[in-house]
Structure formats: C-alpha cells, structure tokens
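# Results of the structural survey
One letter stands for each residue in the lines below.
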Amino acid sequence: MVLTAGRGTVDSPAIAQILLDALQPHLRSLDPPYAPATPLLSPNIRVYHYPPKTFFRGHYDSPQLDPRSRRLSCWTVLVYLSNGVKGGGTTFWLDDPERDGGKSKRSAKSKGKGEKDSRAKPTDGPRRMTFEPKAGRVLLHWHGVARGGCMLHEGDEVVSGDKWVLRTDVLA
C-alpha cells in the first residue's frame, strides 16, 4: 500500500455524532444491511490532503476495533471536502481476481442530496467504477468481514487542485 498524501487524525466523538446525524437516514439502505440497536460512527476522524501528483495506490480497508465501544468497523465513510480537483477520484475494481476470480458482487454506494449511485461513472468498461471528488459528496463502502470483505480500490492521482477528504467508519 502506497499513500503519498498527507494525513491528520483527531479523536472526536462530537464530529462523529454530527456525521452520524446526517448519515443515519441513509444507513438502512446499505447492502449488506446495517441495523444495530444503536448506530455508531468511529470517533477516529482522519483528514487526508492530496495535492497534485499524489495518490493512494490499490488497497483494501479492513475492520478496525474501536477501543471505546469495543465494536468493529464495517463501512468506510469518505466525505469529500474540496472542489476544483482534476483527477483524484476513488476507483473501485469490480473484477478482483484476488478475491473472487473476477466475479465480484460487492457494492459501493455514493450518496448525496438524495441521489444513490448517480455519481459513479464506469471507466474502462465493466472493470472499475470511479467516484469523482466534489465537496459535500459522501461515499460509503463495505469493508466488513461478510461477503468477502472490502473491494480493491485506490485514490487516483490528483492532476490539479487540492483534494481534501474526511474519513471515518461505521461501527457494527
């Protein structure tokens, strides 16, 4: 895994709660389903800065244990914070021979302003799907253990502009 961007981390239950309040109406539509008695986001808030010529090569997110709640993460939450970025999309490889012989059934969902999956655009045929970074867009993608875990994905190289992303996780 190669990350060429800068990253800062803050432990903030307050930010996690604000994000949870905004996301909660959408959590019931996730696949695989998310239906714990008490929904919770990780207070481990990460902010990534990708200036031009930076990227995050192909990788898999994996469940992390939240030490406070003792719950595992299961969905990655990315909140795009900047506009005016050329490149820098988040690309998911739909055919992942390391996981399932190229017959992936896992999903990535993009939500924002009532839209579902409308911000994803296919590139290079059916092999990959790219979500373009625009301020206010939120991307949730599965990285739990069920259904084979996380899809292979990467942060594409930023060509121009500065890409800023906030990341946290939905806790099972």
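Residues numbered from 1 in each chain as written. Predicted model: local features only at pLDDT ≥ 70, side-chain atom pairs only at ≥ 80, totals over all residues. Heavy atoms only, no water.

### What to know about the packing of aromatic side chains
Just so we agree on the cut-off: Aromatic rings from Phe, Tyr and Trp, taking only the six-membered ring of Trp, are treated as a pair when their centres fall within 6.5 Å; an angle between ring planes under 30 degrees marks them as stacked, one over 60 as edge-to-face, and anything in between as tilted. A run of H or I in DSSP counts as a helix once it spans at least four residues, and a run of E counts as a strand once it spans at least two, with each numbered from the N terminus. The cut-offs for exposure are 20% and 50% of the maximum accessible area for each residue type, with area from a 1.4 Å probe on protein chains only; residues under the lower value are buried, those over the upper are exposed, and the others partly exposed. A ring is considered to have a charge above it if a Lys NZ or an Arg CZ atom is located within 6 Å of its centre and within 35 degrees of its normal.
Applying the stated rule across the entire model yields three aromatic pairs. Consider the rings of W75 and W142, whose centres lie 5.4 Å apart with planes at 70 degrees: the pair is edge-to-face. One end of the pair, W75, is in strand 5 (residues 73-80); the other, W142, is in strand 12 (residues 138-142), with 67 residues separating them in the sequence. Its relative accessible area of 10% is what places W142 among the buried residues. Between K163 and the ring centre of Y50, over which it is positioned, the NZ or CZ distance is 4.6 Å.

### Considerations on the environment of P43
Threshold: Pairs of residues are marked as contacts when any of their non-hydrogen atoms sit within 4.5 Å.
Turning to its location among the elements, P43 is positioned in the loop between strand 2 (40-41) and strand 3 (44-50). By relative accessible area, which is 7% here, P43 ends up buried. A C-alpha to C-alpha distance of 7.7 Å links P43 and A14, two positions 29 residues apart in sequence. Ignoring sequence-local partners within four residues, the contact set of P43 consists of V10, D11, S12, P13, A16, D66 and R68.

### Focus on the pattern of salt bridges
So the rule is basically this: By salt bridge we mean one thing: a side-chain nitrogen of Lys or Arg within 4 Å of a carboxyl oxygen of Asp or Glu.
Under the criterion given, the structure shown has four salt bridges. The partner of R167 in a salt bridge is D61, and the shortest N-O contact between them spans 3.7 Å. With R167 in strand 15 (residues 163-171) and D61 in the loop between strand 4 (56-59) and strand 5, the pair connects residues that are 106 residues apart, well separated along the chain. Note on R167: relative accessible area 11%, which makes it buried. By relative accessible area, D61 is classed as buried at 10%. A salt bridge links R167 to D169, with the shortest nitrogen-to-oxygen separation between them at 2.7 Å. Several salt bridges converge on common partners, so that one network encompasses R46, D61, R167 and D169.

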